[in-house]
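Architecture and fold: a report
Chain residues, written in single-letter form:
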Amino acid sequence: MTTHVLPDLAPNSKIKLPKQAERTLASGLTVIAIRRPVVPLVEIRLRVPFGRAPLPRATLLSQALFTGTGSMSSTEVAAELQAVGGGLSAGLDPDRLLITGNALAAGLDRTLEILADLLTDPAYPQDEVAVERDRLVDHIQVAQSQPSHLARTALLKRVYGRHPYAVQTPEPEQVRGVRPAQLRALHADRVRPEGAVLVLVGDINPEKAIDAADKALGSWTGPGKDGNVPATPALEPGPLLLVDRPGAVQSSLRMALPAVPRTHPDHAPLQLANLIFGGYFSSRWVENIREDKGYTYGPNTSIEHFVAGSSLVAAVEVATEVTGPSLLETLYELGRIASLPPGEDELEQARRYALGTLRLGMSTQAGLAGLASMYASFGLRLDYLTEHSAALAAATREQVADVAARYMAPSRAVAVVLGDAEKVERQLSILTTVERDVP
């Protein structure tokens, strides 16, 4: 029998962090500037606390933020940004309003001035808001026809109950009712610098970049309204929730399991356990229901982190006729990882993948900016990368087995299936108790 010796992990043991600086301005805005002179660009990420903001208004605000200012139309904003090789866009998650973009390093000062204008003197003109509102309504209606969105919506409701995270997409009718004056009021209340974090990454001198941000954004002041989100409720396992989609040729299976924040000692071994189970292409779940059984094209799992709580989510689309068998194999693989330690080789393979992904994520200006910004919104800094990589490198088989037993046992899972109930309910009820969703 041939023994394959795995290469030493020493090359991954130390991550070298780039030169950086940080300062909290008088307004309460924290600015983090990181030097990464790969190309003459600078990446910009601004995260503003936005938890518990009214969802229809907050979602439309994120889409209409660049419709102009008191001194510039939306066209003029776009032209001014293009003149310095830049561009900005906005998005929303359950915790933050995110403004993202980039510019030529030489155009950073002007880009920050334009950003300041958008933050302090937004116009939200009637005509342009109407265009963005219609576009958002269309986007939501398209999403509501997609099985993946419907399954995700059902899982969030099942997991979070009455918590603010339970609904993350507004209804089209709610969006249609939002008026420009409401956006201006929400902006004045919530788009504030206190607690916000601006990350700048690129061909910059970090201290000078922070000076530029201080100068440009000095007029952006004032505390925002309290947007703290309560801790998420503990997962409550119960009957599998079956959401009927008559005539569907596929079923969407979603599961949620407990997880922990990035700062928890269990996080690194749980990340490895997740990878071994279903978190990448060489995982057990993929090997079982894709490669061996051919039930699906792409199952995947990931650990989702929100400010108020974390969870492990598994997602897969399978043909209607193999919905029950797919659930069976999923429960089997969860039971296997929760009750038996992983093999040494598969743990090392998952470890290498996790460490390599960390390095890959910070290899570009945009990737580094995204990581630094995301970490900062959880109160972490880039040195977390070195701490987490060390924890991944040190995690033992026993630790991975222990966290898998405590967090990934099938008895701890919350499950939702979206599919043709007439064809799949019997398959599923053989394996578990099934409850029909009541609209």
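Check the entry above for the structure.
A brief report on the enclosed structure follows. Quick caveat, the model's predicted, so the values are computed rather than measured.

A few words on the overall build of the chain. What the chain contains, in helices and strands, is 16 helices and twelve strands. Based on the C-alpha atoms only, the size of the chain along its principal axes is roughly 65 × 55 × 35 Å. Counting over 439 residues, the chain shows a buried share of 51%. A separation of at least 24 residues holds for 83% of the contacts in the chain among residues at least 6 apart in sequence. Looking at the chain as shown, the accessible area adds up to about 19700 Å², and 53% of this sits on carbon and sulfur atoms. Each charge sign in the chain was given a centre, from 43 positive and 49 negative side chains, and these centres are 2 Å apart.

Counted under the stated rule, the structure contains five aromatic pairs. Where Tyr-375 meets Tyr-384, the ring centres are 5.0 Å apart and the plane angle is 70°; that geometry is what we call edge-to-face. For Tyr-375, a relative accessible area of 4% corresponds to the buried category. Among the aromatic residues, those joined into a cluster by ring pairs are Tyr-160, Tyr-165 and Phe-306. Here the guanidinium or amino end of Arg-262 rests over the ring plane of Phe-378, the centre of that ring lying 4.9 Å away. It is Arg-290 that lies over the ring of Tyr-297; its NZ or CZ is 4.5 Å from the centre.

Pairing analysis gives nine bridges linking strand S3 (residues 41–49) to strand S5 (residues 96–104), with the strands arranged antiparallel. For Ile-44, the partnering residue across the bridge sits in S5 and is Gly-101. In terms of strand pairing, strand S4 (residues 87–92) meets S5 through six bridges, oriented antiparallel. Within S5, the position partnered with Gly-91 by the bridge is Leu-98. Connecting the antiparallel pair S4 and S5 is a turn made up of three residues.

Since one α-helical turn is 3.6 residues long, residues separated by three or four positions face the same way. Across its 17 residues, helix H11 (residues 323–339) extends 24 Å between first and last C-alpha, which sits within 8% of the 24 Å expected from 1.5 Å per residue. Every buried residue of H11 is accounted for by Thr-323, Gly-324, Ser-326, Leu-327, Glu-329, Thr-330, Glu-333, Leu-334, Ile-337 and Ala-338.

The subject of this paragraph is helix H1 (residues 55–64). The element H1 is extensively covered by neighbouring structure, given that seven of its ten residues are classed as buried. Elements in contact with the buried residues of H1: S4, S5, helix H4 (126–143), helix H6 (172–176) and helix H7 (180–190).

Located in the positive-phi region is Arg-52, a residue other than glycine, with phi close to 70°. Within the fold, Arg-52 resides in the loop between S3 and H1.

This part covers the sheet that holds strand S1 (residues 20–24). Strand order across the open sheet formed by six strands is S1-S2-S6-S3-S5-S4, with mixed pairing between neighbours. Of all the strands in the sheet, just S1 and S4 have a single pairing partner and so form its edges. Each neighbouring strand pair of the sheet contributes to a mean axis angle of 15°, computed without reference to strand direction. Across the sheet, helix H13 (residues 365–376) is in contact with strand S2 (30–35), S3, S5 and strand S6 (197–202); its angle to S3 comes to roughly 20°.

Moving on to the packing of helix H9 (residues 267–279) against H11. Contact pair H9 / H11: the axes reach a minimum separation of 10 Å and the direction vectors enclose 145°. For H9 against H11, the interelement crossing comes out right-handed. Between H9 and H11, the residues in contact are Ala-273, Ile-276 and Phe-277 and Thr-330, Glu-333, Leu-334 and Ile-337, respectively. For the contact of H9 with H11, the class distribution of residues is five nonpolar, one polar and one charged.

To continue, consider the side chain of Asn-274. For Asn-274, the position within the fold is in helix H9. Under the relative-accessibility criterion, Asn-274 is labelled buried at 5%. Within the structure, Asn-274 has its side chain in polar contact with the side chain of Thr-301 (distance 2.5 Å). Not counting residues up to four positions away in its chain, the partners in contact with Asn-274 are Gly-279, Thr-301, Ser-302, Ile-303, Leu-312 and Met-408.

Cut-offs used in this document
Residues numbered from 1 in each chain as written. Predicted model: local features only at pLDDT ≥ 70, side-chain atom pairs only at ≥ 80, totals over all residues. Heavy atoms only, no water. Helix = DSSP H or I, 4+ residues; strand = E, 2+ residues; numbered from the N terminus. Buried < 20%, exposed > 50% of the residue type's maximum accessible area, 1.4 Å probe, protein only. Contact = heavy atoms within 4.5 Å. Areas by Shrake-Rupley, 256 points an atom, 1.4 Å probe, with all protein chains shown as cover. Lys, Arg positive; Asp, Glu negative; His and termini not counted. Charge placed at Lys NZ, Arg CZ, Asp CG, Glu CD. Phe/Tyr/Trp six-rings, centres within 6.5 Å; stacked < 30°, edge-to-face > 60°. Lys NZ or Arg CZ within 6 Å of the ring centre and 35° of its normal. Pairing = 2+ DSSP bridges. Expected span 1.5 Å × (residues − 1). Axes fitted to C-alpha atoms, helices over the stretch in contact; angles between N-to-C directions. Left-handed = near helix turned anticlockwise from the far one by under 90°. Nonpolar A, V, L, I, M, F, W, Y, C, P; charged D, E, K, R; others polar. Polar contact = N/O pair within 3.5 Å; in protein donor to acceptor, adjacent residues only side chain to side chain.

Spatial relationships are all this shows, so hold off on functional conclusions.
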